[in-house]
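# What the coordinates show
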Amino acid sequence: MSDDTALGTVRESLASARDSLTAVQMRTPLDSIVRNGRAARRRHRLLALASTGAVAAVAALAVGLTGVTGSAHRAGTIRTAAFILVSHSDGTATLTINPLVLLDPGTLQSDLDQDGIPAMVTAGSFCSSDPQPAGLSDVVSSEPATSGSGPVAEPTITIDPAAMPAGTELSFGNFQAAGSQQTSFTLVSTGSYTCTSTPPALDASGIITLANSRAVQ
Amino acid sequence: MEFSEFYESARDECLRVVLLNVRDRLLAEELVAEGFARAWMSWRKVRHLQVPQAWVVRVALNVNVSRWRRRRREVALGSHDRPTPAGQDAVMSDEVPAALVRRPLRQREVVTLRLLLDLDTETTAGLLGIAPGTVSAHLHKAVAALRSTIPRLDDQEVRT
């Protein structure tokens, strides 16, 4: 048997074995994958921080310095069809949402997380805590919507993760229909919140809502 | 492509490919879930890959080997540490996957990427971080080994 024939036979045999597995399907839900990814990222961050802290402590001891060591923040822009996330060197981030494109919650949550913004992004539902943690206005500020180059005004917010109280994360609830959308933001206590499929009222207290070109708080 | 879209479209294919490599349904699901969780963590990079599911499969296979090595260090190998037999899925009776499981990791990676996911040599080499010639060498060795352990392959030459 030539090499090519053997290769072809092995390929066919493997393909046949794979095709016989059509009944085998992943049962793990997307939520679980994202949750595990977030947990793993937090563990990595803690390890990195511990490592950075140890190195910084050694360096400070070596040169006899005391004081605060700042963490470097990488500036950059993530541009997708549904949103643009700009990370600034001061640790803040600006998020602009395109109301014409369906937002993928997992992608936005992942990108926010990479920028050090603990967030829970949901589509078609909104999560909040009772009582709501204070300090939202220090964390999120909305800006007048701009039309940019597109036909529809795109709401923009600026997020300052350094202002987030310990034990909280940012809840994003995105509701989209027929080219329009409503996105609401609030602070929730990590591990203690409830979610509803009803969009919050535009004037609900402790919640910032962007509805197309309008920002209401 | 968004992550959720990718997960929806690629998860079953990844599971089947990994299942052919480990021959244990539950283990395969666990490994693929781990692969996707890491893909989510690195989505900024993974989303730009030509075949992102190949990245997931490769991570899953590596995680399996890492776990096996850890277990081997922690406990002396006893009968309870041996790989779970394939019998959990009646469909897993084919000889080639059975022989594939016994090949070294690198050969399994190359066979999986080249023959199961249909990646070309260059893409496979890029994903594994090795030279294209090395991919060909591993593939050659793997196919030769599979061929020698499965008489059926040589019988086919007589029949044709």
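Here is what the cut-offs are and how they apply
Residues numbered from 1 in each chain as written. Chains lettered and ligands numbered in written order. Predicted model: local features only at pLDDT ≥ 70, side-chain atom pairs only at ≥ 80, totals over all residues. Helix = DSSP H or I, 4+ residues; strand = E, 2+ residues; numbered from the N terminus. Buried ≥ 20, exposed ≤ 12 C-beta atoms within 10 Å, placed from the backbone. Contact = placed C-beta atoms within 7 Å. Nonpolar A, V, L, I, M, F, W, Y, C, P; charged D, E, K, R; others polar. Core = buried A, V, L, I, M, F, W, Y, C linked by C-beta atoms within 7 Å. Pairing = 2+ DSSP bridges. pLDDT = per-residue confidence, 0-100.

Moving on, we come to the overall build of chain B. Within chain B one finds nine helices and zero strands. When the helices and strands of chain B are listed from N to C terminus, the series reads α-α-α-α-α-α-α-α-α. Counting the 160 residues in chain B, one finds 42% classified as buried. Put simply, 65% of the contacts in chain B that link residues at least 6 apart link residues at least 24 apart.

Here we take up unusual backbone geometry. The omega torsion of the bond from D130(A) to P131(A) falls at 0°, within 30 degrees of zero and hence cis. Relative to the helices and strands, P131(A) is located in the loop between strand 5 (126-128) and helix 4 (136-139). Phi at R23(B) is positive, roughly 60°, even though this residue is not glycine. Within the secondary structure layout, R23(B) lies in the loop between helix 1 (3-22) and helix 2 (25-41).

Below, the discussion takes up the interface of chain B and chain A. Across the boundary between the two partners, chain B contributes 36 residues, which contact 31 residues of chain A. Breaking the side of chain B that touches chain A down by element, the ones donating at least two residues are helix 1, helix 2, helix 3 (43-46), helix 5 (95-101), helix 6 (105-116), helix 8 (132-149) and helix 9 (151-159) of chain B. Partitioned by chemical class, the residues of the side of chain B that touches chain A number 21 nonpolar, three polar and twelve charged.

As a rule of thumb, nonpolar side chains are buried together in soluble globular proteins. In this structure, V18(B), V32(B), F36(B), W40(B) and V56(B) are the most contacted members of the largest nonpolar core, which totals 51 residues. In terms of residue count, helix 1 of chain B provides more of this core than any other element does, eleven residues in total. When near neighbours in sequence (up to four residues on either side) are disregarded, F36(B) contacts I33(A), Y7(B), R11(B) and V56(B). Counting 25 residues, the second-largest nonpolar core is a separate cluster that includes L108(A), V139(A), V140(A) and I159(A).

Residue and element names in this part refer to chain A. Burial of the side chains of strand 2 (residues 83-87) is restricted to one face: F83, L85 and S87 are buried, whereas none of I84 and V86 on the reverse face is. In this structure, strand 1 (residues 76-79) lies alongside strand 2, joined through four bridges in antiparallel fashion. Counterpart to I78 in the pairing with strand 2 is L85. Between strand 1 and strand 2, which pair antiparallel one after the other, the connecting turn spans three residues. Two elements, strand 2 and strand 3 (residues 93-97), share five bridges in a ladder whose sense is antiparallel.

This next bit is on the confidence of the model for chain B. Residues and elements named next belong to chain B. Per-residue confidence for chain B averages 81 on the pLDDT scale, and 77% of its residues sit at or above 70. Across residues 76-93, confidence stays below pLDDT 50; counting only partners more than four residues off in sequence or on other chains, it has 15 contacts. At the level of chain-chain contacts, confidence expressed as ipTM amounts to 0.76, with global pTM at 0.54.

The predicted coordinates of low-pLDDT regions are not to be read in fine detail. Residues and elements named next belong to chain A. With 77% of its residues at a pLDDT of at least 70, chain A reaches an overall mean of 77. The element-level mean pLDDT for chain A is lowest in strand 12 (residues 214-216), coming to 41, with strand 5 highest at 90. Low pLDDT (under 50) marks residues 61-74, which in the prediction has six contacts with non-local residues, meaning those over four places away or in another chain.

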